[in-house]
Each structure stands twice: as structure tokens, then as C-alpha cells.
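Close look at the chain arrangement
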Amino acid sequence: MSRILFVTSSPRGAASLSTKVATALVDRLQAQSAGVVVRRDLAAQPLPHIGEDFVAAQALPAEARSPAQQAALALADALAQELFAADTIVIASAMINFGLASTLKSWFDHLMRAGVTFRYDETGAHGLVTGKKAYLVVARGAVYSDGPYKPMDFQEPYLRALLGFIGLTDIEAIAVEGVNYGPDVAGKAVAGALDKVSTITARAA
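A brief structural summary. Computed from a predicted model, the values in this text were never measured in an experiment. (Residues numbered from 1 in each chain as written. Predicted model: local features only at pLDDT ≥ 70, side-chain atom pairs only at ≥ 80, totals over all residues. Heavy atoms only, no water.)

Along the protein, the regular secondary structure elements total six helices and seven strands. Taking 2.2 N^0.38 as the reference for a compact globule, 205 residues should give roughly 17 Å; the C-alpha atoms of the protein span a radius of gyration of 18 Å, in line with that estimate. Projected onto the principal axes, the alpha-carbon positions of the protein cover approximately 60 × 35 × 35 Å. Across the 205 residues that make up the protein, the buried fraction comes to 43%. Roughly 10000 Å² of accessible area belongs to the protein as shown, and the carbon and sulfur atoms make up 55% of that amount. Positive and negative side-chain charges of the protein, numbering 18 and 19 respectively, have mean locations separated by a distance of 5 Å. (Helix = DSSP H or I, 4+ residues; strand = E, 2+ residues; numbered from the N terminus. Rg over C-alpha atoms; globule rule 2.2 N^0.38 Å. Buried < 20%, exposed > 50% of the residue type's maximum accessible area, 1.4 Å probe, protein only. Areas by Shrake-Rupley, 256 points an atom, 1.4 Å probe, with all protein chains shown as cover. Lys, Arg positive; Asp, Glu negative; His and termini not counted. Charge placed at Lys NZ, Arg CZ, Asp CG, Glu CD.)

This paragraph deals with the nonpolar core. Leu-83, Ile-91, Leu-104, Trp-107 and Phe-108 are the most contacted members of the largest nonpolar core, which has 28 residues in total. Residue assignment for this core shows that the elements contributing at least two residues are β1 (3–8), α3 (67–85), β3 (88–94), α4 (102–111), β6 (133–140), α5 (156–165) and β7 (170–177). It is α4 that contributes the most residues to this core, four residues altogether. Leaving out residues up to four positions away in the same chain, Leu-104 has contacts with Val-7, Ser-9, Leu-42, Ile-91, Ser-93 and Leu-159. Counting residues in hydrophobic clusters, the runner-up holds 22 residues, among them Val-21, Val-26, Val-137 and Val-176. (Core = buried A, V, L, I, M, F, W, Y, C linked by side-chain atoms within 4.5 Å. Contact = heavy atoms within 4.5 Å.)

Let us look at the pairing of β7. When you tally the buried positions in β7, you get six out of eight residues, the bulk of the element. Where β6 and β7 come together, eight bridges link them in parallel fashion. Bridge pairing in β7 places Leu-136 opposite Ala-173. Handedness of the β6-α5-β7 crossover: right-handed. (Pairing = 2+ DSSP bridges. Right-handed = clockwise from strand over helix to strand, strands pointing away.)

With respect to the secondary-structure elements, Ser-18 resides in helix α1 (residues 17–33). Not counting residues within four places of it along the chain, the set of residues in contact with Ser-18 comprises Ser-10, Ala-92, Ser-93, Ala-94, Val-137 and Ala-139.

Okay, the pattern of salt bridges next. Scanning the entire structure with this criterion turns up eleven salt bridges. The partner of Arg-40 in a salt bridge is Glu-82, with the nearest N and O atoms 2.9 Å apart. With Arg-40 in strand β2 (residues 36–41) and Glu-82 in helix α3, this pair connects stretches of sequence that are 42 residues apart. When the shortest N-O distance is used, the salt bridge between Arg-140 and Asp-153 registers 3.4 Å. Of this pair, Arg-140 sits in strand β6 while Asp-153 sits in the loop between β6 and α5, and the two are 13 residues apart along the sequence. There is no split in this pair, since Arg-140 and Asp-153 are both buried. (Salt bridge = Lys/Arg side-chain N within 4 Å of Asp/Glu carboxyl O.)

Moving on, we get to the packing of α4 against α5. It is the contact of α4 with α5, at a shortest axis distance of 11 Å, that shows an interaxial angle of 15°. Taken as axis vectors, α4 and α5 run roughly parallel relative to one another. The interaxial crossing formed by α4 with α5 has left-handed handedness. Of the residues in α5, those in contact with Leu-104, Lys-105 and Phe-108 of α4 are Tyr-158, Leu-159, Leu-162 and Leu-163. For the contact of α4 with α5, the class distribution of residues is six nonpolar, no polar and one charged. (Axes fitted to C-alpha atoms, helices over the stretch in contact; angles between N-to-C directions. Parallel < 35°, antiparallel > 145°, perpendicular 65-115°, else oblique. Left-handed = near helix turned anticlockwise from the far one by under 90°. Nonpolar A, V, L, I, M, F, W, Y, C, P; charged D, E, K, R; others polar.)

A sheet is described by the order of its strands in space; here five strands give the open sequence β2-β1-β3-β6-β7, paired in parallel fashion. Across the chains shown, the open sheet's two edge strands, defined by having one partner strand only, are β2 and β7. Sheet twist, expressed as the average angle between the axes of neighbouring strands with direction ignored, equals 15°. Where α1 meets the sheet, it contacts β1, β2, β3, β6 and β7, and its direction lies at approximately 165° from that of β3. Where helix α6 (residues 183–204) meets the sheet, it contacts β6 and β7, and its direction lies at approximately 160° from that of β7.

The final tally for this structure, using the stated rule, is five aromatic pairs. Ring geometry for Phe-118 against Tyr-120: centres 5.4 Å apart, planes inclined by 80°, an arrangement best described as edge-to-face. Judged by its relative accessible area of 7%, Phe-118 falls in the buried class. Using a relative accessible area of 58% as the deciding quantity, one classes Tyr-120 as exposed. A centroid spacing of 4.8 Å and a plane angle of 65° characterise the contact between Phe-118 and Phe-165, whose relative ring orientation is edge-to-face. Here the residue Phe-118 occupies a position in strand β4 (residues 118–121), and Phe-165 occupies one in helix α5, the gap between them amounting to 47 residues. (Phe/Tyr/Trp six-rings, centres within 6.5 Å; stacked < 30°, edge-to-face > 60°.)

As C-alpha cells, this is what we get:
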């Protein structure tokens with residue numbers, strides 16, 4: 001039985017278009033594989049930002065860590081276990097100020113750990129989260145895939161870079177763009193994204 005990790009981050013709740021399209025994708029993937037879905041809603045249950053306890057704990061042996069340091073790493077370990085246990089990762093990301101929501105950034109901050117999700121050797125860095133498929137559903141108010149705003153897209157390239165660094169290189173993205181250009185444009189953007197969901201899931205069947 002496959003396991004799908006579904007990560008959402010939009011602060012718009014039920015109105016979120018990234019969550020709407022990503023949910024359609026997850027529902028289809030789950031139906032095809034009879035898989036288990038583990039959902040982490042970072043907007044409803046935001047993670048704490050990493051701090052001094054998190055940083056210090058990584059440099060200490062377990063027996064030398066304070067209770068606060070142990071708790072900081074226990075949370076990060078639990079998030080890493082969720083990631084490693086998944087066969088498929090679906091991330092819904094609303095663009096905030098040309099990049100990620102801070103809640104999603106915090107999730108990555110807990111996960112990007114040397115010796116856990118990547119390692120270094122004399123040849124450089126090597127991702128340890130391998131053999132998995134990742135889907136990105138990115139929603140943004142303007143059009144960033146092409147045109148004058150493309151250089152300001154720090155969302156999808158950044159997500160791909162983070163995932164690739166930890167070993168997730170089989171990545172497919174679905175964009176919901178131009179949603180601030182009016183209801184007609186937003187409707188077409190959502191419809192186009194849902195059409196892509198259908199194409200992706202038909203190909204994966």
C-alpha cells in the first residue's frame with residue numbers, strides 16, 4: 001500500500017486554490033493506489049521556527065541535550081520520519097511575496113539536516129530522500145511561468161532546489177497562475193490546473 005504525504009501551507013483556508021487543486025490530485029492518486037494519506041496542514045498547525053535549541057542540539061550527543069533541545073530535535077525527527085515513510089509527496093504552495101509561506105519554509109528548515117536528509121563527503125552533498133515522486137501545486141496571483149514576472153519567481157525554483165538537494169529529483173509541478181486578474185481568469189487557471197491533474201493521474205495509472 002502506498003503512502004502519500006500531503007503538505008498544505010496556504011493561509012487562505014477553504015478559499016485556497018493551491019489546496020483545492022492539490023486535494024484533487026491527492027484524491028485521484030489515493031483512489032488509484034488505495035494509498036494512505038498523511039496530511040500536514042502547516043497553516044492550521046504551524047511549526048515553530050527553528051531556534052537556538054534546535055541548532056545547539058545538532059552539535060551535542062543525545063545524553064548532553066537539555067529537555068528543550070531534545071524536544072526541538074524530536075519534532076524534526078518526526079517530520080523526517082513522515083517524509084521518509086512516504087512514497088509520494090504532494091506540496092501545495094501559495095506564493096507569498098514572490099516566495100514560500102513562512103510556514104512551509106519552517107517545515108523545510110526542520111527537514112534540511114546533514115546526516116538525516118542529506119550528507120556530505122569529499123565529492124560534495126548527496127540527498128538521502130530518494131526513490132520517491134514529488135508533486136508541487138503552486139498558486140500565484142500573477143503569471144510567473146513566463147513574461148515580465150518570471151525573474152521574480154522565487155517559489156517553484158526554490159522548492160525544486162530544496163527537494164533536489166535532499167534527493168527528490170522526480171518532481172512534477174502544476175501551476176495555478178493569474179488568479180488575481182479577475183474571476184474569469186482565476187476560473188480558467190483552476191480549470192487548466194485540474195486538466196493537468198487528470199493528465200498526470202491518467203499517465204500514472
